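These are the residues of each chain, in order.
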Amino acid sequence: MPNSANTTLVSHIDCPGGGQVWVEGTTLYIGHMRWPSGTTIVDVADPRNPKVIARLELPEGWHSHKVRVKDGIMIVNHEKLGQSGPKEFGGGIAIYDVSRPSAPKLISKWMTAGRGVHRYDFDGRYAYISPTAEGYVGNIVMILDLIDPARPVEVGRWWIPGQWTGGGEEYPWAEWVSPRCHHPIRAGDRLYVSYWHHGLFILDIADMARPKLISQLNTSPSFPHPTHTCLPMPQLLKGRKIMVVADEDVAKLRPSAPAFTWIYDITDERLPLPIATFQVPGLDPDGAPQPPMTGCHQPSERFTGTVIPFAWFAQGLRLVDIADPFAPREVGHFLPDPPAGEDRASSNDVTIDDRGLIYLIDRINGVDIIETSVF
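Think of each chain on its own: its residues are numbered from 1, step by step along the sequence as written. Where local features are concerned, this predicted model is filtered to residues with pLDDT of at least 70; where side-chain atom pairs are given and counted, the filter is 80 or more; whole-chain, interface and lining totals use all residues. Note that the side-chain values use all heavy atoms of the structure and ignore hydrogens as well as water.

Our next topic: the side chain of Lys66. We count a stretch as a helix when DSSP gives it H or I for four or more residues in a row; a strand needs E for two or more, and each element gets its number in order from the N terminus. Following the sequence through the fold, Lys66 ends up in the loop between strand E6 (62-63) and strand E7 (67-70). Although Lys66 lies buried, it forms no salt bridge, and the closest oppositely charged side chain, Asp349, sits 6.6 Å away as judged by the N-O distance. Contact partners of Lys66, with chain neighbours within four places excluded, come to Gln20, Ile75, Val76, Asn77, His118, Arg119 and Tyr120. For every residue, the accessible area (1.4 Å probe, protein chains only) is compared with the maximum for its type, and the residue is labelled buried under 20%, exposed over 50%, or partly exposed between those bounds. When charges are counted, Lys and Arg contribute as positive and Asp and Glu as negative, whereas His and the chain ends are disregarded. Any carboxyl oxygen of Asp or Glu that lies within 4 Å of a side-chain nitrogen of Lys or Arg is treated as forming a salt bridge with it. In what follows, a contact means two residues having at least one pair of non-hydrogen atoms within 4.5 Å.

Set out below in structure tokens:
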């Protein structure tokens with residue numbers, strides 16, 4: 001499929017093992033999920049001539065494939081990757097001063113038990129993370145206060161009742177997938193939480209020390225893909241409050257057609273209601289099973305107006321307009337060249353900057369910087 005006429009490749013950054021991309025100003029931060037599994041910092045002031053300005057390494061057996069930056073503070077996750085490497089390195093988050101992006105300085109490391117931290121949100125003070133923790137089965141929701149980044153303080157935590165086996169809770173999922181908080185996203189006094197094969201949760205965090213469950217919904221029994229990201233829209237659409245929910249096309253409970261994204265009406269947040277879905281046109285002609293990583297991965301947490309960039313694994317970048325949330329439509333796409341030795345792309349994450357440039361990262365091949373006339 002040729003790229004749409006409204007997307008153009010500006011340049012390419014060759015960096016293997018791509019996990020997540022984040023832009024602050026004209027600096028691009030790249031988290032690596034596989035070797036070299038650390039963090040790369042790139043000056044993109046001239047997007048046609050990007051320059052690597054710093055590199056942070058991790059020991060074997062660990063990765064920091066996620067990265068977020070706000071107000072000169074960078075957070076990267078530390079998460080176990082396989083069985084090799086020094087266990088004493090420990091999982092958690094590392095907090096850096098990147099007021100000079102070319103010279104990142106470690107401020108502190110907050111450590112947790114078990115495998116470590118997966119995804120998270122960060123607003124410049126609070127980090128909303130998904131750690132493993134002593135006494136719990138799987139990842140939980142946790143809020144850290146980083147007002148003093150040298151001394152992170154836990155503010156509150158939440159979990160699905162039954163996860164805290166160390167506290168005497170009865171574990172009810174012997175015949176189901178273990179619970180796993182994947183990605184909390186904050187909007188106002190709410191956390192919108194994806195919980196993998198346990199679906200989505202909306203939490204009230206007006207009192208951060210005591211998060212309260214508002215509602216939950218799980219589509220995995222019928223559509224066997226894990227819930228990856230719950231992204232609330234900041235504005236009403238057709239008078240309704242809308243949330244975009246991406247399922248990830250991996251870890252399926254059984255062979256199935258490619259994962260897609262859902263559009264939910266959360267006007268009554270006590271009753272999340274799916275009102276539409278979006279799949280790349282033509283990708284699922286008959287509902288038959290297809291290989292993993294054919295379909296959806298995740299949306300950009302940054303977007304302009306009602307057009308949301310998605311990383312759609314083998315389908316590259318998809319630009320989806322949900323101005324009419326009952327009828328989402330694709331308004332542009334960009335399909336990267338497959339990496340050497342591969343038969344298709346593996347687009348893993350996407351973000352945009354204040355100039356409207358799009359940064360699309362491949363799990364193997366690095367980052368494409370893309371211009372579009374859609375925004």
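Buriedness of a pocket was judged along seven lines, with at least five required to meet protein on both sides within 12 Å; pockets are open sets of points on a 1 Å grid over the protein atoms alone, cavities are sets where a 1.4 Å probe fits but cannot get out, and lining residues have an atom within 4 Å of a point. Grid points are joined across faces, edges and corners, and a volume is the space filled by probe spheres set on the points. Applying the stated criterion to the full structure yields 2 cavities of 30 Å³ or more. Estimates place the volume of the largest cavity at around 50 Å³. In terms of lining, the largest cavity is formed by Gln20, Val21, Trp22, Arg119, Gln298, Pro299, Ser300, Glu301, Arg302, Asp349, Val350 and Thr351. Elements with a minimum of two residues in the lining of the largest cavity: strand E2 (18-24), strand E23 (298-299) and strand E27 (347-352). Here the nonpolar group is Ala, Val, Leu, Ile, Met, Phe, Trp, Tyr, Cys and Pro; Asp, Glu, Lys and Arg are the charged ones; every other residue, Gly included, is treated as polar. In terms of residue class, the lining of the largest cavity is built from 4 nonpolar, 4 polar and 4 charged. Looking at the second largest cavity, its volume works out to about 30 Å³. If you go around the second largest cavity, the residues you meet are Gly199, Leu200, Leu217, Asn218, Thr219, Thr227, Val245, Asp247, Trp262 and Tyr264. Those elements giving two or more residues to the lining of the second largest cavity turn out to be strand E20 (242-247) and strand E21 (261-265). A per-class count over the lining of the second largest cavity returns 5 nonpolar, 4 polar and 1 charged.

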